[in-house]
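# Results of the structural survey
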Amino acid sequence: QVQLVESGGGLVQPGGSLRLSCAASGITFSTYNMGWYRQLPGKQRELVAIINSGGITNYPDSVKGRFTISRDNAKNMVYLQMNSLKPEDTAVYYCVADLSFDRIAVGGDYWGQGTQVTVSY
């Protein structure tokens, strides 16, 4: 059974930082592409970051230079370091896994339950 469990969300002031973590189980982690998506209420899920099985990363312009995705294959973990946070980064953040890089760029096979990030004073 595949499980992706996110943690690290919370309330942070604009300009602050948060680090999200995702613990994966039930998959051969090193072979999977991993990603983070986010969803605002009433809006579609938005891709935040992808890291492929080889460690190559990709970001949309909205977070490039502020967010960093990384992975630890020994621990079956993927991380999202978020710096210079803005109120518009407020969303539920989801961890995603897929064997296909093309597929994870538009969704993905496996999703976590999400963790809330709120950027506000």
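Just so it is clear, the structure is predicted and the values come from calculations on it, not from any experiment.

## Focus on the nonpolar core
Soluble globular proteins tend to bury their nonpolar side chains together. Residues Met 34, Trp 36, Val 78, Leu 80, Met 82 and Tyr 93 are the most contacted members of the largest nonpolar core, which totals 28 residues. Sorting the residues of this core by element identifies strand 3 (18-25), strand 4 (33-39), strand 5 (46-51), strand 7 (67-72), strand 8 (77-82), strand 9 (91-98) and strand 11 (115-119) as the ones contributing at least two each. Ignoring any residue separated from it by four or fewer positions in sequence, one finds Met 34 in contact with Leu 4, Phe 29, Ala 49, Ile 50, Ile 51, Ile 69, Arg 71, Val 78, Cys 95, Val 96, Ala 97 and Ile 104.

## Examining the side chain of Asp 98
Relative to the assigned elements, Asp 98 resides in strand 9. Within the structure, the side chain of Asp 98 is placed 2.8 Å from the backbone nitrogen of Ser 100, a separation counted as a polar contact.

## Here we look at the state of the cysteines
Throughout the structure, instances matching the rule amount to one disulfide. The disulfide partner of Cys 22 is Cys 95, and the S-S distance across this bridge is 2.1 Å. Every disulfide takes its handedness from the sign of the S-S torsion; for Cys 22 and Cys 95 that torsion is -80°, giving left-handed. A residue pair is termed long-range when its members are at least 10 positions apart, and Cys 22 in strand 3 and Cys 95 in strand 9 qualify at 73 residues. The exposure class assigned to Cys 22 is buried, which follows from its relative accessible area of 0%.

## Quick word on the pairing of strand 9
Within strand 9, seven of the eight residues are buried, which leaves the element mostly enclosed by the surrounding structure. Note that strand 9 and strand 10 (residues 110-111) share two bridges and pair antiparallel. Paired with Ala 97 across the bridge in strand 10 is Tyr 110.

## Some words on the sheet that holds strand 8
The strand order 1-3-8-7 describes an open sheet built from four strands, whose pairing is antiparallel. A single partner strand is all that each edge strand has here, and the edge strands are strand 1 (3-7) and strand 7. Sheet twist, expressed as the average angle between the axes of neighbouring strands with direction ignored, equals 15°.

Thresholds applied
- Residues numbered from 1 in each chain as written.
- Predicted model: local features only at pLDDT ≥ 70, side-chain atom pairs only at ≥ 80, totals over all residues.
- Heavy atoms only, no water.
- Core = buried A, V, L, I, M, F, W, Y, C linked by side-chain atoms within 4.5 Å.
- Buried < 20%, exposed > 50% of the residue type's maximum accessible area, 1.4 Å probe, protein only.
- Helix = DSSP H or I, 4+ residues; strand = E, 2+ residues; numbered from the N terminus.
- Contact = heavy atoms within 4.5 Å.
- Polar contact = N/O pair within 3.5 Å; in protein donor to acceptor, adjacent residues only side chain to side chain.
- Disulfide = S-S within 2.5 Å.
- Pairing = 2+ DSSP bridges.
- Axes fitted to C-alpha atoms, helices over the stretch in contact; angles between N-to-C directions.

Any functional reading would require information that these geometric values do not contain.
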